[in-house]
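# Residue-level structural notes
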Amino acid sequence: MAGLADLTAAERASAGDRGRAALAAKIAAGRATLRQDYADMAEWERLAREAGLRLPMSWQPVTPAGMKRWLRRLGIPLRAYLAWNGAGLDGNETSARLADFARRNPDWSLRAWAGLVLEHRDLILRLEAAEARSEGRSRGEMAR
């Protein structure tokens, strides 16, 4: 495969046109299939600004990879999110559990999901801290 430097100006322009067309199709598909109006969107945007974050674009669908990326950005351990979401920690593979949200909410965007998780971030982290303290006590009691 030829590198970018090996392409002629016309080939580079053509590749750029194809890339722009593919992105435009993705955006149109997302806007056509994903809900765009959420009562809490203004609050989610405010919280994101306060946290120094930009929420994902509204045309991006919820995917396990996107969810993992945003959990890392929000500083939320995957285990804490799964416990908060009620997904539990046994059974299916992690990506399948993350995909459960998308299956249950096919019209939600990654932007809305990230906003919802951001809104509940403090609670999720407090629950994780409480769970860690509880596990520490349990281990200590078991060691006696």
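### Remarks on the overall build of the protein
- Helix and strand counts for the protein come out as 7 helices and 0 strands.
- Reading the protein from its N end, one meets helices and strands in the order α-α-α-α-α-α-α.
- Pairs at least 24 residues apart make up 71% of the contacts formed inside the protein by residues separated by at least 6 positions.
- Counting only carbon and sulfur atoms, one obtains 53% of the accessible surface of the protein, whose full area is about 9,200 Å².

### Concerning helix α2 (residues 41–50)
- Within α2, burial applies to Met41, Trp44, Leu47 and Ala48. Mapping the buried residues of α2 onto a view down its axis gives an arc of 125 degrees, with all of them on the same face. α2 presents Ala42, Arg49 and Glu50 as exposed residues on the side facing more than 90 degrees away from its buried surface.
- In this fold, the buried residues of α2 make contact with α6 (110–119).
- The positive-phi residue at the C-terminal boundary of α2 is glycine 52, with phi of around 75 degrees.

### Here's the deal with the packing of aromatic side chains
- Counted according to the given criterion, the structure contains 6 aromatic pairs.
- With 5.8 Å between their ring centres and 45 degrees between their planes, tyrosine 38 and tryptophan 44 make a pair best called tilted. Tryptophan 44 shares its class with tyrosine 38; the two are buried.
- Ring centres of tyrosine 81 and tryptophan 113 lie 5.5 Å apart, and the angle between their planes is 75 degrees; this geometry places the pair in the edge-to-face category.

### A word on the environment of tyrosine 38
- With respect to the secondary-structure elements, tyrosine 38 resides in the loop between α1 (9–33) and α2.
- With 74 residues separating them along the chain, tyrosine 38 and alanine 112 place their C-alpha atoms 7.6 Å apart.
- Other than its neighbours up to four places away in sequence, tyrosine 38 contacts Trp44, Asp107, Trp108, Ser109 and Ala112.

### A short note on α6
- Taken across its 10 residues, α6 has 9 buried, putting it largely inside the fold.
- Of all the positions in α6, only Leu110, Arg111, Ala112, Trp113, Ala114, Gly115, Leu116, Val117 and Leu118 are classed as buried.

### Regarding the environment of glutamine 36
- Within the fold, glutamine 36 resides in the loop between α1 and α2.
- What makes glutamine 36 partly exposed here is its relative accessible area of 37%.
- Along the primary structure glutamine 36 and serine 109 are separated by 73 residues, whereas in three dimensions their C-alpha atoms are 7.9 Å apart.
- Within the structure, glutamine 36 has its side chain in polar contact with the backbone oxygen of leucine 34 (distance 3.1 Å).
- Within the structure, the side chain of glutamine 36 is placed 2.9 Å from the side chain of serine 58, a separation counted as a polar contact.

### Topic: the packing of α2 against α6
- Contact geometry of α2 with α6 gives a least axis separation of 9 Å together with a crossing angle of 70 degrees. The orientation of α2 with respect to α6, classified from their angle, is roughly perpendicular. Crossing geometry of α2 relative to α6 is assigned as left-handed. On α6, the residues that touch Met41, Trp44, Glu45, Leu47 and Ala48 of α2 are Arg111, Ala112, Gly115, Leu116, Leu118 and Glu119.

Conventions adopted
Residues numbered from 1 in each chain as written. Predicted model: local features only at pLDDT ≥ 70, side-chain atom pairs only at ≥ 80, totals over all residues. Heavy atoms only, no water. Helix = DSSP H or I, 4+ residues; strand = E, 2+ residues; numbered from the N terminus. Contact = heavy atoms within 4.5 Å. Areas by Shrake-Rupley, 256 points an atom, 1.4 Å probe, with all protein chains shown as cover. Buried < 20%, exposed > 50% of the residue type's maximum accessible area, 1.4 Å probe, protein only. Arc of directions from axis to C-beta. Phe/Tyr/Trp six-rings, centres within 6.5 Å; stacked < 30°, edge-to-face > 60°. Polar contact = N/O pair within 3.5 Å; in protein donor to acceptor, adjacent residues only side chain to side chain. Axes fitted to C-alpha atoms, helices over the stretch in contact; angles between N-to-C directions. Parallel < 35°, antiparallel > 145°, perpendicular 65-115°, else oblique. Left-handed = near helix turned anticlockwise from the far one by under 90°.

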